[in-house]
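Results of the structural survey
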Amino acid sequence: EIAPGRTTLRGLGVGNRYEVYLVWDQRRFAVMVAKILRPDLVEEEYALRGLRREIDALEALAHPVLLRAFDAQTEGPYPHLVVEHLEGPTLRRLIKQHGALPLEQTLPLGLHVASVIHYMAEEGWVHLDVKPDNLVMGIPPRVIDLSLARTVERAARLSDFVGTNAYMPPEQCNPRGDVGPPADVWALGAILYD
């Protein structure tokens, strides 16, 4: 049990900061996904700040192609974020299994992701990690993982690179105060080129 009425069912993956679990949420009577801060990072202020940043982004943003969050806990032994459980493989998995997407799938995917990028920019946010691993291929496809997302103002003040190398524009690789929404557009272009 990671919180009252919220129990892990099975692990889904591990990242640099999070362990991701399928969970049963008794209050919502639903299977969901919890991104739990790794035990070795629970006392680290930078990790808790990152979790709060993702919570803030998900609370501020609501778009049909963007992952939805339902709850969060930043205190206690299991700081975590609860998000919807999405069915479907990531774009990365599809490309590994079947190669490049046909044009008939690539164009709608590009339009859906572009709509999220546009919406986020209009709301004053930048994703900063648009990549095939963060696109769940469903109907519609969904953009996930806002752990690196920043407001446009905060992104413009980045002094170190954040993101995934293959999908970062030059200004994100060596930030000097000019990182913003065009970084997400570059990433989408790199995805569509793949």
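Our structure is the block above this text.
Residues numbered from 1 in each chain as written. Predicted model: local features only at pLDDT ≥ 70, side-chain atom pairs only at ≥ 80, totals over all residues. Heavy atoms only, no water.

**A look at the overall build of the protein chain**
- Secondary structure summary: the protein chain contains six helices and nine strands in total.
- Against the compact-globule benchmark of 16 Å for 194 residues, the protein chain has a radius of gyration of 17 Å, which places it among compact chains.
- Its C-alpha atoms give the protein chain principal-axis dimensions of about 45 × 40 × 25 Å.
- Within the protein chain, the proportion of its 194 residues that are buried is 44%.
- Sequence separation of at least 24 residues holds for 54% of the intrachain contacts in the protein chain that already meet a minimum separation of 6.
- Looking at charge distribution, the protein chain has the averaged site of its 20 positive side-chain charges lying 2 Å from that of its 26 negative ones. (Helix = DSSP H or I, 4+ residues; strand = E, 2+ residues; numbered from the N terminus. Rg over C-alpha atoms; globule rule 2.2 N^0.38 Å. Buried < 20%, exposed > 50% of the residue type's maximum accessible area, 1.4 Å probe, protein only. Contact = heavy atoms within 4.5 Å. Lys, Arg positive; Asp, Glu negative; His and termini not counted. Charge placed at Lys NZ, Arg CZ, Asp CG, Glu CD.)

**Observations regarding the sheet that holds strand β1 (residues 6-14)**
- Strands sit in the order β1-β2-β3-β5-β4 across an open sheet of five strands; the sheet is antiparallel. Edge positions in the sheet fall to β1 and β4 (69-73), since each has one partner strand and no second. Taken over all neighbouring pairs, the strand axes of this sheet differ in orientation by 25° on average, direction set aside.
- Of the strand pairs in this sheet, strand β2 (residues 18-25) and strand β3 (residues 30-37) are connected by eight bridges, and their pairing is antiparallel. Across the sheet, residue Val 20 finds its bridge partner in β3, namely Lys 35.
- Running over the sheet, helix α1 (residues 45-60) touches β2, β3, β4 and β5 (80-83) and is turned about 25° from β5. (Pairing = 2+ DSSP bridges. Axes fitted to C-alpha atoms, helices over the stretch in contact; angles between N-to-C directions.)

**Quick notes on helix α3 (residues 103-122)**
- Taking 1.5 Å as the rise per residue, α3 with 20 residues should run 28 Å; its terminal C-alpha atoms sit 28 Å apart, in good agreement.
- Restricting attention to buried positions, one finds in α3 the residues Thr 106, Leu 109, Gly 110, Val 113, Val 116, Ile 117, Tyr 119 and Met 120.
- Directly after α3, the chain includes Gly 124, whose backbone phi takes a positive value near 85°. (Expected span 1.5 Å × (residues − 1).)

**Looking at the pairing of β2**
- With seven bridges connecting them, β1 and β2 associate as antiparallel partners. Bridge assignment links Gly 13 to a residue of β2, and that residue is Val 20.
- Hairpin connection of β1 to β2: three residues between the antiparallel strands.
- Adjacent in sequence and paired antiparallel, β2 and β3 are bridged by four residues, among which Phe 29 carries a positive phi angle near 50°.

**A few points about the pairing of β5**
- Covered by surrounding structure in β5 are His 80 and Val 82 together with Leu 81 and Val 83, the residues of both alternating faces.
- With four bridges connecting them, β3 and β5 associate as antiparallel partners. The partner of Lys 35 across the bridge, within β5, is Leu 81.
- Pairing of β4 with β5, which is carried by four bridges, proceeds in the antiparallel orientation. Residue pairing across strands places Ala 72 opposite Leu 81, the latter belonging to β5.
- Here β4 folds back onto β5 in antiparallel fashion, the turn holding six residues, of which Gly 76 has a positive phi close to 90°.

**Quick notes on the side chain of Arg 6**
- Within the element layout of this structure, Arg 6 appears in strand β1.
- Given a relative accessible area of 5%, Arg 6 falls into the buried group.
- Contact partners of Arg 6, with chain neighbours within four places excluded, come to Glu 1, Val 23, Trp 24, Asp 25, Arg 28, Asp 71, His 80 and Val 82.

**A look at the environment of Trp 24**
- Examined against the element boundaries, Trp 24 turns out to sit in strand β2.
- The residues touching Trp 24, leaving out its near neighbours within four places in the chain, are Gly 5, Arg 6, Thr 7, Leu 9, Phe 29, Ala 30 and Val 31.
- Polar contacts involving the side chain of Trp 24 include one to the side chain of Gln 26, which spans 2.9 Å. (Polar contact = N/O pair within 3.5 Å; in protein donor to acceptor, adjacent residues only side chain to side chain.)

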